[in-house]
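# A structural walkthrough
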Amino acid sequence: MKKYIAAFDQGTTSSRTVLFDGAGRPAASAQFEFPQIYPRPGWVEHDCREIVSSQLHSFFAALERAGAGPEDVAAIGIANQRETVVVWDKFTGRPVYNAIVWQCRRTADFCAAVKAGQGEAVYQKTGLNVDAYFSASKIRWILDNVPFARRRAEKGELLFGTVDCYLVWVLTEGRVHATDYTNASRTMLFNIHTLEWDEELCRLFGVPRQMLPEVRPSGADYGVTSAKLTGAAIPVRAAVGDQQGALFGQRCVREGDVKNTYGTGCFLLMNTGRRAVRSQNGLVTTLAAGLGARPDFVLEGSVFVAGAAIQWLRDGLGLIASSAESEELARSVPDTGGVLFVPAFVGLGAPYWDSACRGMIYGITRGTGRAHIVRAALESIALQTFDVVHAMEQDLRAEISRLRADGGASANGFLMQFQADMLGVPIERPAVVETTAFGAALLAGLSCGFYADADAVAASCGPPAVFVPQADSAARAEKLSAWEGALDRVLRR
Ligand code: ADP
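Residues numbered from 1 in each chain as written. Predicted model: local features only at pLDDT ≥ 70, side-chain atom pairs only at ≥ 80, totals over all residues. Heavy atoms only, no water.

Below, the discussion takes up the side chain of Arg404. Along the chain, the position of Arg404 falls in strand E20 (residues 403–406). Since its relative accessible area comes to 8%, Arg404 is described here as buried. In terms of polar contacts, Arg404 uses its side chain to reach the backbone carbonyl oxygen of Arg251, at 3.4 Å. With near-sequence residues (within four places) excluded, Arg404 lies in contact with Gln250, Arg251, Cys252, Asp257, Val258, Lys259, Asn260 and Glu428. (Helix = DSSP H or I, 4+ residues; strand = E, 2+ residues; numbered from the N terminus. Buried < 20%, exposed > 50% of the residue type's maximum accessible area, 1.4 Å probe, protein only. Polar contact = N/O pair within 3.5 Å; in protein donor to acceptor, adjacent residues only side chain to side chain. Contact = heavy atoms within 4.5 Å.)

Below you can see the structure in the form of structure tokens.
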């Protein structure tokens, strides 16, 4: 009898494995960080070997904690950092360059030029706004800068993959070269309407078609691992981009369901069902995770600085000793005393789109104390989220009825309550906030028959914590208008 599904959560700074039991409860987990490589300002890379070894280490460490062995694992599901690019030699398996990470800005100038000329055409096909963030221009950079790479790619000797795809290829010892719809939809080479790689986009970004993997549903057959690597031959039954994994793990599988992950930044994703919503507010459209041949569409917006503002109060200013202390401090005062905090450390993303503006703490008086500033920082996370949700509602011409929350900062009860107050809808925080890993495990478990009913499995961990709106509408309107005023002082609009 197999006992577990192993979720491989391959993130930007660490690799984690969470073992989920037959009821869908986390039984054990382990996590290893790996180094970030910054060759120049604005450039970010990972050593591909460290991605693989940290992932496998975490797998064996999690098994040990559970007192289990690899033969107890029914299947593996992979959730991965999205957009990051690996190009490797088809014959030796050796990457020709480090993985270029999603955060890397090295291709920004090229992308600005493409955007000016073909931005609309690219959006029509991919749902994305041309940016260095997505995979396409990073592949091009490798082919243009690694000796012989372009020629070898054209001859079919090099392969491209996002991190899920590379892990699958390594784990199956080169037997499977495949990715899923969610990862493909972040490359900027994939037509999200026809569900095919696009020849024109391949030409535009100089990526030979033959480098690209086959694209499958997120929960599907991705081959069987080599026993040499994982201790037993284990089926890989899911691959999914981390944010879409969390969306699936949060059971946002119906049109209008929306979740926000409160981490370093925020990632808001809304399932829009069969509708590919054309955003008027700079949000992007991507594909949702699923098991069928036709994935749902997703409307996505992100907030660059969320939990990072709390980190800054802790590490930059020394105002608090721990992130968790922010909650107690925020609750120690009745309000911010008129202080507003706009954490535009790197400009502001959706829906303001101003990369040159910078942060501000406004409204300081002689009575302002550190609790007011900390409270204003927490409020800024919810207020930025409010603006993205509002943009989604405008694009959709419909209102959301609740928001599901996860991520490190969702542990903060003050933040959750304030978010509910501002949005005027309940916030639901699941009992298990490991939603990315859970989503990958759920997809893999459903795909191999280990789980039968997704909603029942999700419910087995207990009911979510629900934060019901309490603020009256006048207080809410006053706060939102003060926030608008603060934005006016920061944005160049
Ligand atoms: P990521 O996956 O982006 O690294 P996590 O989901 O682990 O982030 O969340 C970490 C972030 O959440 C940090 O920026 C941290 O400051 C913030 N954070 C963690 N706990 C709290 C808390 N109780 N209150 C507010 N912020 C918090």
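Let's shift gears to the domain arrangement of the protein chain. As assigned here, the protein chain comprises domain 1 (4–242) and domain 2 (251–429 + 463–493). Between the C-alpha centres of domain 1 and domain 2 there is a distance of 28 Å. Here domain 1 and domain 2 share an interface that buries about 1500 Å² over both sides, 52% of which is from carbon and sulfur atoms. When the buried surface of domain 1 facing domain 2 is broken down by residue, Tyr123, Tyr181 and Ile192 rank first, second and third, together holding 27% of it. A salt bridge links Glu300 to Arg82, with the nearest nitrogen and oxygen atoms 2.6 Å apart. For the side of domain 1 that touches domain 2, the elements supplying multiple residues, two or more each, are helix H2 (108–126) and helix H6 (181–184). (Domains from an automatic or database assignment. Buried area = accessible area lost by both parts, 1.4 Å probe. Salt bridge = Lys/Arg side-chain N within 4 Å of Asp/Glu carboxyl O.)

The next thing to look at is the environment of Gln250. Secondary-structure assignment places Gln250 in the loop between helix H9 (242–249) and strand E14 (258–262). Judged by relative accessible area, which is 5%, Gln250 ranks as buried. When the C-alpha atoms of Gln250 and Thr230 are compared, they prove to be 29 Å apart, with 20 residues separating the residues in sequence. Excluding residues within four positions of it along the chain, Gln250 makes contact with Lys259, Arg404, Ala405, Asp406, Pro430 and Thr435. Of note is the side chain of Gln250, whose polar atom sits 2.8 Å from the side chain of Asp406.

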